[in-house]
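Coordinate analysis (summary)
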Amino acid sequence: MPYTSQTKTRHIQTAPNQAIHLKFREPLPERVTIGNLVYHVRPNTLPVMRCTRCLLFGHGNIFCNGCAHCRKCSGFHDNDGCIREDHCLFCGPGHCPTSKQCPACL
Ligand SMILES: [Zn+2]
Ligand SMILES: [Zn+2]
Ligand SMILES: [Zn+2]
């Protein structure tokens with residue numbers, strides 16, 4: 001198929017700086033319509049900066065002023081060899097604070 005510049009269907013392309021950030025529950029819709037613009041939905045591949053020390057978002061561990069939290073039980077100790085139950089810093093028991101199940105980590 002030769003490419004023609006006068007196709008009948010109009011493809012809406014948004015510039016990268018017009019990307020919008022929306023949160024969806026899984027599964028992601030293929031596209032979303034806002035006004036009369038169609039946006040294609042892609043998972044956000046940019047990781048949110050997360051502190052590996054206190055497990056909070058928005059800063060890295062070298063800028064951390066908080067207390068270190070266990071990555072398994074959220075306790076105030078090093079997570080090496082932690083045998084306690086998974087306990088999320090944000091949600092409570094059921095998963096560890098770095099779990100993919102955690103709604104705070106989406
Ligand atoms: Zn921190
Ligand atoms: Zn622990
Ligand atoms: Zn959680």
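Fair warning: this is a prediction, and the values are worked out from it, not measured in the lab. (Residues numbered from 1 in each chain as written. Chains lettered and ligands numbered in written order. Predicted model: local features only at pLDDT ≥ 70, side-chain atom pairs only at ≥ 80, totals over all residues.)

**Topic: the overall build of the chain**
For the chain, the helix and strand inventory stands at zero helices and four strands. Burial analysis of the chain (106 residues in total) assigns 8% to the buried set. The long-range fraction of contacts in the chain, counting pairs at least 24 apart against all pairs at least 6 apart in sequence, stands at 11%. (Helix = DSSP H or I, 4+ residues; strand = E, 2+ residues; numbered from the N terminus. Buried ≥ 20, exposed ≤ 12 C-beta atoms within 10 Å, placed from the backbone. Contact = placed C-beta atoms within 7 Å.)

**Focus: the environment of Met 49**
Tracing the chain through its elements places Met 49 in the loop between strand 2 (37-40) and strand 3 (87-88). The contacts of Met 49, once residues within four sequence positions are left out, are Phe 57, Gly 58, His 59 and Gly 60.

**Remarks on unusual backbone geometry**
Backbone geometry at Leu 55 places phi at a positive 70 degrees, although glycine is not the residue there. Within the secondary structure layout, Leu 55 lies in the loop between strand 2 and strand 3. Classification of Leu 55 as buried rests on a count of 24 C-beta atoms within 10 Å. Look at Ser 74: it is not a glycine, yet its phi comes out positive at around 70 degrees. Its place among the elements puts Ser 74 in the loop between strand 2 and strand 3.

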